[in-house]
Structure formats: structure tokens, C-alpha cells
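Chain residues, written in single-letter form:
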Amino acid sequence: MKEVTLIATCTFGLEAIVKREILKLGFDNLKVSDGKVEFLAQVSDIAKVNLWLRCAERVLLKLSEFEVLSFEDLYQGIKSIRWEDFILKNDKFPVNANSVKSKIYSLSDIQKITKRAIVDRLCDVFKIDWFEENSSSVYSIEVSILKNIATVTVDTSGEALHKRGYRKRALNAPIKETLAAAMISLSFWDNTRVFYDPFCGSGTFCLEAYMIARNIAPGIMRHFAFENWNLLKSDVLEDEKKKARFLIDYDKDLKILGSDIDRKSILVARDNADILGVEDEISFFIKDVRDVDLENNYGVVVTNPPYGERLGERVEVENLYRDFGKKFRDLDTWSIYLITSMKDFEKFYGKKADRRRKLFNGGIETQFYQFYGPKPK
């Protein structure tokens, strides 16, 4: 198995950004659909892609795709896959399933038949009739059936890619690192401009901005499922990490600011910055955004303010949005990018956004509002 098909999954609305990331990594011939980008790669590229994708949720190895009109079709299609090319006698291979608008829809039956077909194939190859599944190698298999077409994949990532490794402490409902990185990518911020998050919470936007500015691979601190597979050479990830460390840019001067009215949030943000080793390079401070003194210096705000989802919070949040809009209308060289679920945000902010984009923050449908300031002279 040399050339493989990989699928980078992502939050709905981020497909174009993930596509751009994959193109930047040197891959082409991409196929984009809802929530995923499919592309051809070499087996060794599994390490590179997992290490560098900032906005994707997982990287899946696609094994097969076939029509399924009956459970017999499913069994035969699964059994025809060369599982022995990577699953060994003691490896674990749990099976998950989903089915949408298809003739077979019982998820438990899909899982059982898939597992049986894999076991039957491996029994024939290895000449054994029992699998201990007690090794450290785990192949998480998924069978997704959409309109009677089954796609069989294996998860190469393990934990979702938004888990970078620096956020050991988090607050309630923190924004995912992948979504934060995507919002920064959609802004016009670069490392020559001030970056500011006035509702920084546990510091995710500031930490992601730092990693982008320094060209730090988002997966450099973590482990992946494929590390224990016999499919890849044991040193392929460490080789990619060595290359990534060489590419880190420590020379640029950065000005990244994060504030929050909540003291606990700032302490958590500082702890997370300490884990990343950048506690001296990002300024986190306790202050209400209304009281922060800022120069009118072409800075960029990227933030996730309170939404006012809970009963009794809405009036307070509406007033916060009014004051927020008033402050940055006076700072007319700044560019503002924020995400919120409040439908009439622009009315309270006092200005129509230059562009809006629908994004999902967890299970909440939101709008990503973009207010373009002038480019620096």
C-alpha cells in the first residue's frame, strides 16, 4: 500500500479553508463535499497531514467505497478489503457505523456484520480462529452509508485534531482550537499587526494566533493513532516533527493581547500559555473591554463574545455589544472578526458587517461577522 486516499473531516463551513491548507501542503486533485476534503497521498504523508492541519477535525484513511443494498452486499464488500495489509493478529479494531437515506440502517447490525467480515478475512489469512485484540495498535474503523453507498475508513488521528496538547485547563464551552484557527485564517491578520481578543476566556485565539505567527505545527505536542501502526515506519512522525521544528520562526516581534473581565479565565489562559512555553510572549490581563486603552494602530480583533443564550443574560449581552461597537467605531483602523449566535447582532453593534459566514460552534449555529478596517500604510 503506497498511494492512499485520505479524507480530512471538518466542521461544516470550513471546507474551503481545509482545502486551502491541504493545497499548501503540496497535495492536489482534491474532492470537496460537506464536512470533508478527499485527496490522494503517500502512506508516509499520514504523519505530515496530521501534524500540520490546523482547521480539520480528523484525518481518515479511506479503504473502500461500494454500493450496499443488503447485508450480504455489506459483508462481501467489507471482506474484499485487504485488512491483513495493516491489521496484525493482536491489534484492536473497533467498528463504528452511521447510515443516512439507505436501505440498511440498523447501526448495530452494520457494526456486527462489518466486524464478522473482517474477522472472517483475517482468520483465513492468519489461519487462526480467535483474536485477542490486546496490542497497543488501534484501528478505529467506520462504515458510513449514504444513499446506499458505503464508505469504509480508518481513523489515523486518534483524539480529534483540535486537541493540540496545550489546553490542559479549559472553561465551560470553550471554542475549539480548529475553529479558532479557521477564524484567524479568515481574518486579514498577519504577524506585523497587533492581535487582540477582548473576551479571551482560556486563551485559545491568542495561542492559535501565536502558533500561526511562529509557523508552529499544531500537532507538534501530541500523539496520533497511526504511531502504533505497522503501516508506517516507526520514525516517520519524529522525522516530520524534526522538520517542523526547523521551520519555526522565532525572529519576528509579536504583539498578541488577550483580556477578560473574569479573573479565573485569565489565570487559565496564563496556565495554557505556560504549557505551550509562551507565557512571556502573550499579554493576558484582567479588564472589561470597555475600559481597555488601545491605540488606533490597524490592530485586528478575533473573538468569541458571550452569546446571551441563557434566560436573563440577553439584555446584558445586548448592552455589551452596543458598547463594544461604540468602542471600535472610534478605533476606525481596526478590523473586527467575531462569532455569535445572536441573530440581530449588527443592530446592537451599530454597523453592518462587510461579510457574514455561517459557522457551527459546537452544536450552535452562529454567524461569523467580518468588519474590514483599512490596510496599514
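What you are looking at is a predicted structure, and each value in this text was computed from that prediction instead of being measured.

Caption draft 1: Examining helix H4 (residues 107-126) more closely. Between its first and last C-alpha atoms H4 spans 28 Å; for 20 residues at 1.5 Å apiece the expected length is 28 Å, and the two agree. Residues of H4 that are buried include every one of Ile 110, Ile 113, Thr 114, Ala 117, Ile 118, Arg 121, Leu 122, Cys 123 and Phe 126, and no others. Residues of H4 that are buried in the fold lie against helix H3 (71-79), strand S5 (95-100) and strand S6 (140-146). Downstream of H4 by one or two residues, Lys 127 has phi in the positive range, about 60°.

Caption draft 2: Representation of the layout of surface pockets in the model. The calculated volume of the second largest pocket comes to roughly 750 Å³. Contributing to the lining of the second largest pocket are 26 residues, with Asp 34, Lys 36, Asn 98, Ser 144 and Thr 151 lying nearest its centre. Within the residue set of the lining of the second largest pocket, elements represented by two or more residues are strand S1 (3-9), strand S2 (31-33), strand S3 (36-42), strand S4 (58-67), S5, S6 and strand S7 (149-155). Looking at the lining of the second largest pocket, the element that brings in the most residues is S6, giving six residues. Here the residues of the lining of the second largest pocket are counted per class, giving nine nonpolar, nine polar and eight charged.

Caption draft 3: Structural context of the pairing of S4. Taking burial as the measure, the ten residues of S4 include seven buried ones, the bulk of the element. Of the strand pairs in this sheet, S1 and S4 are connected by five bridges, and their pairing is antiparallel. In the sheet register, Ala 8 faces S4, and the bridge partner there is Val 59. Bridging between S4 and S7 involves seven bridges; their strand directions are antiparallel. In the sheet register, Glu 65 faces S7, and the bridge partner there is Thr 151.

Caption draft 4: Looking closely at the sheet that holds S3. Strand order across the open sheet formed by seven strands is S2-S3-S1-S4-S7-S6-S5, with mixed pairing between neighbours. Strands with a single pairing partner mark the edges of an open sheet, and in this sheet they are S2 and S5. Averaged over all pairs of adjacent strands, the angle between their axes in this sheet comes to 30°, without regard to strand direction. Where S1 meets S3, seven bridges bridge the pair, whose relative direction is antiparallel. Bridged to Val 4 within S3 is Ala 41. On the sheet, H3 packs against S4, S6 and S7 and is oriented at approximately 125° with respect to S4.

Definitions and limits used
- Residues numbered from 1 in each chain as written.
- Predicted model: local features only at pLDDT ≥ 70, side-chain atom pairs only at ≥ 80, totals over all residues.
- Heavy atoms only, no water.
- Helix = DSSP H or I, 4+ residues; strand = E, 2+ residues; numbered from the N terminus.
- Expected span 1.5 Å × (residues − 1).
- Buried < 20%, exposed > 50% of the residue type's maximum accessible area, 1.4 Å probe, protein only.
- Contact = heavy atoms within 4.5 Å.
- 1 Å grid on protein atoms, 1.4 Å probe; cavity = no way out; pocket = protein on both sides within 12 Å on 5 of 7 lines; lining within 4 Å.
- Points joined across faces, edges and corners; volume = space filled by probe spheres on them.
- Nonpolar A, V, L, I, M, F, W, Y, C, P; charged D, E, K, R; others polar.
- Pairing = 2+ DSSP bridges.
- Axes fitted to C-alpha atoms, helices over the stretch in contact; angles between N-to-C directions.

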